[in-house]
Structures are given as structure tokens and as C-alpha cells.
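Topology and contacts: notes
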Amino acid sequence: MRNRHLPIFTLPVPKSRIYIVTEPSLAAAVQRASKVLSFAPIIPEVTERVLGLDEATMEITRKDLDPGPGDERGFLADIQEMVYTWFGPGSYLNEVTLDAAQEIRNEILAYSSSQETHANPDPIDFLAWVRHLVTVSTGKYFYGPQNPIALDPALEQCFWDFDHGLGKLLMNVIPSVTARKAYKGREQLVKALEKYLEDGNHHTGSKIVQKRVEIALRHGWTLRATARSELSFLFAGIVNATTSTFWILLQIFAEPQLLSTVRGEIAGVLRPGRRDEASHPEKYRLNITDLKDRCPMLVAVYRECLRLGSDNYHP
């Protein structure tokens, strides 16, 4: 997987990984028309190496990868169709978006409150702060308050150790030695996710996580293998959001005029919750749809950051 580093100022830059998945029905039609274009057979081989899946799980994963109409459906076909459908435009995507916004808001307010007691707060590592914000928030809105990272904050570093060593894990040459930090981080996360599933904490998580677990177990995956699968989902949610959030905020704050314009757009769509709360910005109400429909500069920055600052993959 290729990394692209765009040096802006002297800040550390995260590896850019934005994955763009083609529209499901179109992808399915193309794959049915020509099996040569199907990427489905490649996916199990990659996930086996990165997640450390055992051979019994791989046998299940390789079954009925790319079914046609009326064919028996395998695990991968079921899980992909579910994720594509649920994350398409609709009520569930709106629900997840709102949950994500609320968790990020809560984390930002908590950080802001912690800084109020400091007359001269110390400078922070911006990239590290964004990583922490997105990691903690994503864990909560996807996996609920009893998610592994919330219960054991040390797992946050394990996650980023895993992320930074993906290339070595993919090579799969004695990974416990050649990718020691990534391997150790992965195994600690898997152990915590397995405990999370054993305790039934996924029932307090998001609907999509509950459904993913149900599909895996229905196809014969063990609980430990399912935990490895959930690590991949957690990875997709955290890394993509971290990369885009970092670049968007960095570009906005790097240009004073742009910052002023974007702040003005957002201020224009804020509405006080109640009259007696009008002097407290944290009590204002914000309709997320207004950010898309009434904040053209913010949307333009968002789209341009994805266009210029990301490596795009079309599986």
C-alpha cells in the first residue's frame, strides 16, 4: 500500500489512506459480467495476512465469494452487501453520522474544559490530538461505552502500532519478529475485542457492529476470529476519518482568511437552544445538513482535501 506524504509546515503528516468503494449495484453488475474484473478472490488473501486469520476461518471466507442471482451466498458476499447497503444514503447513515458528531462534540468539549484552568496551555502535537479525538470517538459510536479502547486507553497506542506496521504484516514473513510492534498491537487488540464479544458488550454498540457479528457467527466463525474481523472494521473507521480530519483542519487554520470565512459560515447556521442559553456557544443547536447545504466554503475545503491529500483506491 503506497503512502503519500505532503509536507506542510513542519507538522508530522499521517499516511493518507482514503478508500473509495464503488457503488455496490454497479460493482456487482460489472463483476457478474466479467469474473476477470472481480476483486473478491484477492480480499481473503490480504485479510488473512493483515488480521492473522487461521486456516479454518479462511476456508469459510473463500466459499461463494462472488455469487450470481440465486447462488448460495458466502460470508464475504453477505458482509459486503450489508455494509454497502447500510452505509448508502438513508436513515441509518444519518443515524451513524449524528452519533459520530455527538461523540466528537463531547470529546472536544471535554478537552476545552480541561484547558480552561490553564492560563497558558502548552502547545500540543496536532496530529496526535486529532488521532486521539477520532480514535476515542469512533470506538464509542461504533462499539458503545464498553468498547475496548474506553476500558483500556493503552490500546489506543496498540491500534496505531498496528496501523503503522501494516506493510510488514502484509509481507507475512514471521510477523511476530519482522513486524513485532504491529503484531503485538494487533494481538492485544484482538484479545480485548474477544473479551468484548464474550461479555456481550457489542449489544450496546451500533446496529452495524451487531449485524456484522451476527453474520460472522452464522457463517461459522469462532468468537476469536470474529474479533479479528472487527479489528478491520475499527481500522477502516478510525484511519480514514483521522486522515481527512487532520488535513481539513490543517488547511483551514493555515489560512487566516479561509478560517474567518468558514467560521462565519458555521456561525450563520447555529441556532440557540433556548433564549437563556444564547450567550453559551456550547448550548447552540446545529443541523448537520446545514453544513452541507449552507456552508459552501467548508464543503469545498473538505472535497479539495480529499482530492489533493489522499491516495484513492477503487476496490
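Residues numbered from 1 in each chain as written. Predicted model: local features only at pLDDT ≥ 70, side-chain atom pairs only at ≥ 80, totals over all residues. Heavy atoms only, no water.

The helix and strand tally for the protein chain stands at 16 helices and 4 strands. The buried share of the protein chain, taken over its 315 residues, is 40%. Considering only residue pairs separated by 6 or more positions, the protein chain has 70% of its internal contacts joining residues 24 or more positions apart. For the protein chain, the accessible area works out to roughly 17,700 Å², and carbon and sulfur atoms hold 57% of it. (Helix = DSSP H or I, 4+ residues; strand = E, 2+ residues; numbered from the N terminus. Buried < 20%, exposed > 50% of the residue type's maximum accessible area, 1.4 Å probe, protein only. Contact = heavy atoms within 4.5 Å. Areas by Shrake-Rupley, 256 points an atom, 1.4 Å probe, with all protein chains shown as cover.)

What follows concerns helix H2 (residues 42–51). Those residues of H2 lying buried are Pro-44, Val-50 and Leu-51. Taken end-on, H2 shows its buried residues confined to a sector of 140°, consistent with a single buried face. For H2, the secondary structure elements touched by its buried residues are helix H3 (55–61), helix H4 (75–86), helix H8 (155–164), helix H9 (166–171), helix H11 (180–198) and helix H13 (223–254). The first or second residue beyond H2 is Gly-52, which carries a positive phi of 75°. (Arc of directions from axis to C-beta.)

So, about the environment of Trp-247. Its location among the elements puts Trp-247 in helix H13. With 58 residues separating them in the primary sequence, Trp-247 and Cys-305 have C-alpha atoms 6.3 Å apart.

Take a nonpolar patch on the surface next. A cluster of nonpolar residues, Met-171, Val-173, Ile-174 and Val-177, forms a patch on the protein surface that exposes about 410 Å² of accessible area. Here Val-173 shows up in the loop between H9 and helix H10 (175–178). Taking the relative accessible area as the measure of exposure, Val-173 reaches 47% and is therefore partly exposed. (Patch = residues over 30% accessible without salt bridge, like charges linked within 9 Å, V, L, I, M, F, W, Y side chains within 5 Å. Salt bridge = Lys/Arg side-chain N within 4 Å of Asp/Glu carboxyl O.)

With that settled, the discussion passes to H11. The terminal C-alpha atoms of H11, which comprises 19 residues, lie 27 Å apart, in line with the 27 Å expected from a rise of 1.5 Å per residue. Among the residues of H11, Ala-182, Gly-185, Arg-186, Glu-187, Leu-189, Val-190, Ala-192, Leu-193, Glu-194, Tyr-196 and Leu-197 are the ones counted as buried. In the stretch just after H11, Gly-200 is the one whose phi turns positive, near 75°. (Expected span 1.5 Å × (residues − 1).)

Two descriptors summarise a pair of aromatic rings, namely the distance from one centre to the other and the angle between the planes of the rings. Tallied over the full model, the rule gives 14 aromatic pairs. Judged by centre distance (6.4 Å) and plane angle (50°), the ring pair of Phe-87 and Phe-142 falls under tilted. Note that Phe-87 is positioned in the loop between H4 and helix H5 (91–115) and Phe-142 in helix H6 (residues 126–143), a separation of 55 residues in sequence. Taking the relative accessible area as the measure of exposure, Phe-87 reaches 29% and is therefore partly exposed. Within the aromatic cluster, the residues linked to one another by ring pairs are Tyr-111, Phe-126, Trp-129, Phe-246 and Trp-247. Note that Arg-131 overlies the ring of Trp-160, its terminal NZ or CZ placed 4.8 Å from the centroid. (Phe/Tyr/Trp six-rings, centres within 6.5 Å; stacked < 30°, edge-to-face > 60°. Lys NZ or Arg CZ within 6 Å of the ring centre and 35° of its normal.)

A word on the packing of H5 against H6. For the pair H5 and H6, the least separation of the axes is 9 Å and the interaxial angle reads 135°. The orientation of H5 relative to H6 falls into the category oblique. Between H5 and H6 lies a crossing of right-handed hand. Every residue of H6 that contacts H5 at Val-96, Asp-99, Ala-100, Glu-103, Ile-104, Glu-107, Ile-108 and Tyr-111 is listed here: Trp-129, Leu-133, Val-136, Ser-137, Lys-140, Tyr-141 and Phe-142. Of the residues assigned to the contact of H5 with H6, the class counts are 10 nonpolar, 1 polar and 4 charged. (Axes fitted to C-alpha atoms, helices over the stretch in contact; angles between N-to-C directions. Parallel < 35°, antiparallel > 145°, perpendicular 65-115°, else oblique. Left-handed = near helix turned anticlockwise from the far one by under 90°. Nonpolar A, V, L, I, M, F, W, Y, C, P; charged D, E, K, R; others polar.)

Okay, unusual backbone geometry next. Within the chain, Asp-64 stands out as a residue other than glycine whose phi angle is a positive 45°. Examined against the element boundaries, Asp-64 turns out to sit in the loop between H3 and H4. Classification of Asp-64 as partly exposed rests on a relative accessible area of 36%. Phi angles above zero are rare outside glycine, and Asn-172 is one such case at about 60°. For Asn-172, the position within the fold is in the loop between H9 and H10.

Before going further, it helps to spend a moment on the nonpolar core. Counting residues in hydrophobic clusters, the biggest one holds 47 residues, and the most contacted among them are Phe-142, Phe-159, Phe-162 and Ile-208. If one sorts the elements of this core by residue count, H13 sits on top with 8 residues. The contacts of Phe-162, once residues within four sequence positions are left out, are Val-50, Leu-51, Leu-169, Ala-182, Arg-186, Leu-231 and Phe-235. In terms of nonpolar packing, the next biggest core, distinct from the first, is built from 19 residues, Trp-247, Leu-259, Val-269 and Cys-305 among them. (Core = buried A, V, L, I, M, F, W, Y, C linked by side-chain atoms within 4.5 Å.)

Let us now look at the pattern of salt bridges. Counted under the stated rule, the structure contains 19 salt bridges. Two residues, Arg-73 and Glu-81, come together in a salt bridge whose shortest N-O distance is 3.4 Å. Residue Arg-73 is classed as partly exposed on the basis of its relative accessible area, which comes to 32%. A relative accessible area of 46% means that Glu-81 is categorised as partly exposed. Between Lys-181 and Asp-161 there is a salt bridge; the shortest N-O distance is 3.9 Å. Residue Lys-181 is found in helix H11, and its partner Asp-161 is found in helix H8; the two are separated by 20 residues along the sequence. Taking relative accessible area as the criterion, Lys-181 reaches 55% and is therefore assigned exposed. Each of Arg-73, Asp-78, Glu-81, Lys-211, Glu-214 and Arg-218 takes part in salt bridges that share partners, so that together they form one network.

These results come straight from atomic positions and should not be treated as a statement about function.
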